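Breakdown of the fold
Below, each chain spelled out in residue letters.
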Amino acid sequence: MTTGRRTITFLTEVKLITCIVQRGLGDIIVKAARDAGAQGATVFFAKGSGVRERLGLLGVAVEVEKEIVNIVVSSDQMEGVFESVYLAGQLDTPGMGFMYVTPLEKAATYIPKEVVDKLGQ
Amino acid sequence: MSRENRSGSGLDEESVVTRHLSYNLLTPRIRRDLKGRIVPHVASAVKLNLRDVFRLLKNYVSHRFMEPFKIVLPVTLVLSVFQWNFLKDPLWLIVGMISGSFLVVIGLMMLVEGLRLGIFPLGELLGNALPRKLPMPAMLSILFILGVGSTCCDATWGWMERVGDAVDRGTIPDVQLLLLGRMGWVLLASGMAVGLALVLATLRFFHGWRFKIMILAVSLLPLGLTVMAWMDPWGKDVVGLAWDCGAVVLGPVTVAMFLGLGRGVATALSRGNETAWGLGMIAVAFFLVVAATLVLGTLLAATVSPEVVGPRLPILAEGTTVAADPSSGWMFVYRSAALSAVVAVLPMAGLMFFLLVLVLGERVQGVGLLLHGVVLSTLGLALFNTGMGLGLADAGGRLGQFFASALARNGMIDLWFDSGFMFGMVLFLVGTVAIGATLAEPGLTVFTANIESLSHGVARKRKLTRSMAFGAGIGGLVGVAGILANGIHLWMLAPLGLVILFAIFGFPEDWGTISWDGGMVISGPLLVGLIHPLGIGLGGRSHGSGLLFFLTAGAIVATLFTGRLQHGASSGSGIS
């Protein structure tokens, strides 16, 4: 690595966990993910439909406006983060949300130089 | 590398059973008709078992209940300890107040949900349809009428007059008596001011005027009138009342409606980036109402001699008996609470429906949900009013009076030495109530939710609410210190007004608008019902008025600084 040339370190074995919950509940998801070792999360707002339209009167109890939480995790972390997010978000309750995992081919971001030097050989 | 980042999930792996299921088994088979086109699939209704229904409702209700509960309960407890300790109130009175606070919590929960589902979307639909369907003059006249109507129906007024009434009928200055005895006139003048504010704000969206310039221009009138009134020996007393009126004028129902209207109109009309938020109506309305009240007060003072002021309206006086005599009072509280809730919600909701469907010919989707919201708002407001009437509102005024007389026994010089304890108690009480009432204010909840979704989550609801509550608390402390020192005077009000007016020039445009609108929104029924009587009790009518403006000012400044801290993130947070 000569000075002046910039390097990109590609991360592999990366998964994307996406969790869609009702507006206002995204913070719970982010906290659960971080507690389970996820290093960051991105939240954006959206509107969505699903079981709400099929619940009849009870649909009132489900918010149309959603938060989408994107969490990038390593493949080893994936099961643990997935599970704790699912439980924290109470996704086993009707109308509470939906989540899925997408494999990512590669990812890149800032990685401290010492970490790369130590592990990257 | 991934191994390094791995962390123990800390979960009991055995507690979760996992299994797999092909999604193919769950999705419906689509059918095609003879021409090969897809027959639209109609999803069957989901039948939930009782356990799932319970869990669904529990999730829905619990955090909507807990949010106001966590705030109202501590405030009530503080008030009841004060009542017990200082006022030596009988136990049943305190128990009544605490049970009233539960009604307040349930009412707040329903009201916020109702405003969110009913009034706000109705306003947005109407606001969006108006510019599309009508020419500019017709649209502006309809907005004007909506402004007048909603102000006249608003419930917050009731608390101001009735509660103030319960405290001291003897010490009201003549000019204020003139105004309070003619609440109808004040309402009409304020209503026209609010209508004008709606028109001006809409013109701003259309022409893309800058908010800072506009608010500066609009504020010159009330500021000038204030200084003029202060020169007049008569006018002094009306100034505080006028500034209070400005803060009080928009109750939660009106706020939700205006936010919706603003957002709807702005998305249809706006050309600029910042104006697309549809904010600014509330802040403009504030100044115009102050101006209108000042003008009315001056005119009345000039034309009517004080002797003509007749006895108070009987309905106002009746409210005073509430706490003293529960057996006759509770039914009265309930009836008048229900009535004022119905008046606050139904006429305007009905008018909006009428305009949308019959005048504009819009096809409204989800009427059921809108009606649900309207009904919920009405019920919520009725419960809230009832709960407040069971002692909470009364407690503030009597505590204020108690401390006023306790402190008045000592001169100002001795205050710090002899009455340090009392002084501290007053500040503690005011701070607690101001922060608590702001946090739970229904209008503010709707407002911050609107800002959060407008900014796509950049301006977080919780953070915004907290900074406003903090600011209101500080403002309340300063204001009360002012009242205790010498009453609220021009030299306190005017610089404060100027400072927050010019402060927005140092801050980004969108945060200027948010902070001004938000600052005006906080003074809803909860804050007015609790803080205003405290101020009146402490300072009397002539010296205690104006306290609400300090809270507003505090909230504005705090929000501006929150915006400054976030500026890096929010500078590009416009709607486009």
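Basis of the calculations
- Residues numbered from 1 in each chain as written.
- Chains lettered and ligands numbered in written order.
- Predicted model: local features only at pLDDT ≥ 70, side-chain atom pairs only at ≥ 80, totals over all residues.
- Heavy atoms only, no water.
- Helix = DSSP H or I, 4+ residues; strand = E, 2+ residues; numbered from the N terminus.
- Buried < 20%, exposed > 50% of the residue type's maximum accessible area, 1.4 Å probe, protein only.
- Patch = residues over 30% accessible without salt bridge, like charges linked within 9 Å, V, L, I, M, F, W, Y side chains within 5 Å.
- Areas by Shrake-Rupley, 256 points an atom, 1.4 Å probe, with all protein chains shown as cover.
- Salt bridge = Lys/Arg side-chain N within 4 Å of Asp/Glu carboxyl O.
- pLDDT = per-residue confidence, 0-100.
- Contact = heavy atoms within 4.5 Å.
- Pairing = 2+ DSSP bridges.
- Axes fitted to C-alpha atoms, helices over the stretch in contact; angles between N-to-C directions.
- Buried area = accessible area lost by both parts, 1.4 Å probe.
- Polar contact = N/O pair within 3.5 Å; in protein donor to acceptor, adjacent residues only side chain to side chain.
- Nonpolar A, V, L, I, M, F, W, Y, C, P; charged D, E, K, R; others polar.

1. Section: unusual backbone geometry
Residues and elements named next belong to chain A. Within the chain, Glu13 stands out as a residue other than glycine whose phi angle is a positive 55°. Along the chain, Glu13 turns up in the segment before strand 1 (14-22). Given the relative accessible area of 48%, Glu13 is considered partly exposed. Notably, Gln90 is not glycine yet its phi reads approximately 50°, a positive angle.

2. Here's the deal with a nonpolar patch on the surface
Residues and elements named next belong to chain B. A contiguous nonpolar patch, built from Leu21, Tyr23, Leu25 and Leu26 and spanning about 520 Å² of accessible area, is present on the exposed surface. With respect to the helices and strands, the residue Leu21 is situated in the loop between helix 1 (2-5) and strand 1 (31-32). With relative accessibility at 61%, the residue Leu21 sits in the exposed group.

3. Some thoughts on the confidence of the model for chain B
Residues and elements named next belong to chain B. Scored by pLDDT, chain B comes out at a mean of 78, with 78% of its residues at no less than 70. Counting interchain partners and residues more than four positions distant, the pLDDT-below-50 stretch residues 163-171 has 24 contacts. Counted against residues more than four places away or in other chains, residues 306-330, with its pLDDT under 50, gives 32 contacts. Confidence metrics for the complex model read pTM 0.83 and ipTM 0.83.

4. Here we look at the sheet that holds strand 1 of chain A
Residue and element names in this part refer to chain A. Here four strands make up an open sheet; going across it, the order is 2-3-1-4 and the pairing antiparallel. What marks the edges here is a single partner per strand, and that holds for strand 2 (42-47) and strand 4 (97-104). Across this sheet, the average inter-strand angle for adjacent strands is 20°, counted without regard to direction. Pairing between strand 1 and strand 4: eight bridges, direction antiparallel. Considered in strand 4, the bridge of Leu16 is made with Thr102. In the packing of helix 1 (residues 26-35) onto the sheet, contacts are made with strand 1, strand 2 and strand 3 (65-74), and the angle to strand 3 comes to roughly 10°.

5. So, the interface of chain A and chain B
Interface size is commonly expressed as the accessible surface area that is lost when the partners come together. On the chain B side, the residues contacting the 33 residues of chain A number 34 residues. Surface buried jointly by chain A and chain B totals about 3,100 Å² across both partners, of which 59% is contributed by carbon and sulfur atoms. Run the count over chain A and chain B and you get five salt bridges. Residue Arg64 of chain B is joined to Glu63 of chain A by a salt bridge in which the shortest nitrogen-to-oxygen separation is 4.0 Å. Across the contact surface, chain A and chain B share six residue pairs in polar contact (both at pLDDT 80 or more). Every element with two or more residues in the side of chain A that touches chain B is listed here: strand 3, helix 2 (75-88) and helix 3 (113-119) of chain A. With six residues, helix 2 of chain A is the single largest residue contributor to the side of chain A that touches chain B. Residue classes in the side of chain A that touches chain B are distributed as 13 nonpolar, eight polar and twelve charged.

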